[in-house]
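Examining the three-dimensional arrangement
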Amino acid sequence: MGDLFQRFLEFLDYTAIRLDEDVTFGQIFIFIGFLAVSLLIVEYIRRWLRRLFNRLQISENIEKRFLAILFLIVMIIAIGFAFKFAGIDTGGFGKFLDYDLTELFQSSQESVETETGQIPPPVIDNRDKSKLTIANLFFGFAIVFGMFILSKYAQWVLRRQVLQAFQIERHTQFIILRIFHFVLITIGVIISLKSLGMNLTSLAIIFGGLSIGIGFGLQNLVSNLISGFILIFERPIKIGDLVEVMDVDIFGRVSSINLRSTVIIAVDEKEIIVPNSQLITEPVHNLTHYNNRFRIKIKASVSFSSDPELVKQVLLEAAHAHPDVITEPTPEMENVTPPFVRFTNFGEFSLDFDLLAWIPNTFDRFDVASDLHFMIWEKFKEYDIQIPFPQQEVHLTKEKD
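So, how was this worked out
- Residues numbered from 1 in each chain as written.
- Predicted model: local features only at pLDDT ≥ 70, side-chain atom pairs only at ≥ 80, totals over all residues.
- Heavy atoms only, no water.
- Helix = DSSP H or I, 4+ residues; strand = E, 2+ residues; numbered from the N terminus.
- Buried < 20%, exposed > 50% of the residue type's maximum accessible area, 1.4 Å probe, protein only.
- Contact = heavy atoms within 4.5 Å.
- Areas by Shrake-Rupley, 256 points an atom, 1.4 Å probe, with all protein chains shown as cover.
- Patch = residues over 30% accessible without salt bridge, like charges linked within 9 Å, V, L, I, M, F, W, Y side chains within 5 Å.
- Salt bridge = Lys/Arg side-chain N within 4 Å of Asp/Glu carboxyl O.

Turning to the overall build of the protein, a few remarks are in order. Looking only at helices and strands, one finds 11 helices and 12 strands in the protein. Across the 401 residues in the protein, those meeting the buried criterion constitute 31%. A sequence separation of at least 24 residues applies to 65% of the contacts in the protein between residues at least 6 apart. As displayed, the protein offers around 27100 Å² of accessible surface, 60% of which is attributable to carbon and sulfur atoms.

Structural data, given as structure tokens:
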């Protein structure tokens, strides 16, 4: 048994691949074993993140993208550590990852010919200069990505453990969490830039120059960003409000207000993404800005032979029979009245009436209106009230010879 083990150790010392430095079978086994352990760790992290994303209610598409990016990040890091742990010289691959990208943008230094001879190019001391390498870019991206995940989890904890416990208004929670998210992402970006060795003063100069291009080419984007801040802090609409954008015929409940756009969930549960500038510059009906109540109007037309008092009685009976109609408003319900009927017009073919009634929830106005139409139709048949239809009388005269 000992002899067999000794032969196995000798086998591990045999050269398997000849590079700048020979790679033995033992190093290959260590490399493969390290990657196998890394795959197990990645799979455990992915399962944990799936549960976390489900608790944070992140959409499936975003979840898949994050997990794919995370897999690539962890595996690239694992491969780098596997090379070092196994003692394998990465050779050209390592030089590629460690190559200073700033050298691509530097002009070549050549000696200058003068009358007295050649002046050698100036020697630049790069000992204190931070290198911008592909590896550093990768780690900087990993920092921002990790800060984003930390922000999502911290927001979930803050909402559940702090904001809801203090019974803070939903829109105020949204503003606090949004600012918290921006702060964490900004910190992550600054740390990432510092890790890359970038000078923030130079970046300020670069962004100052880009602002001219932004002013001309990205006017709509900037307008939407500014409108997003106005919507968040001025609060003409809030999370959960029922809004109606008149010019584009959009009706639904506000789901989220982002910097560039606002998400509105329509009645059919479809998400409508509306640019923020549209909500600032165009007429918007906020049906729940003050409260959730809504007054519906049901139009009814009857024939001239009908008794107007009977029609009024029938319409009020239908309104009082519906469970969602407010029939006896409380003193707290400001400007809310019991159902009433207006005799609006003597039409060409009909007598026109309006039934006006308040309901507690604006979002139910279409369902309640439909129910009242059914109930009024049944009441009209019960009381033999006729609904008119357009008619014309034609008189024929015979001309005398």
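A separate point is a nonpolar patch on the surface. A surface patch of nonpolar side chains, about 520 Å² in accessible area, is lined by Ile-179, Val-183, Ile-187, Ile-191, Phe-229 and Phe-233. Listed by contribution, the elements that provide at least two residues to the nonpolar patch are helix H6 (170-195) and helix H8 (219-234). Residue contributions to the nonpolar patch peak at four residues, all from H6. Structurally, Phe-233 is set in helix H8.

Moving on, we come to the environment of Ile-387. Along the chain, Ile-387 falls in the segment after helix H11 (365-382). C-alpha of Ile-387 to C-alpha of Ser-350: the two residues are 37 residues apart in sequence and 7.9 Å apart in space. Apart from the residues within four sequence positions on either side, Ile-387 is in contact with Ser-301, Trp-377 and Phe-380.

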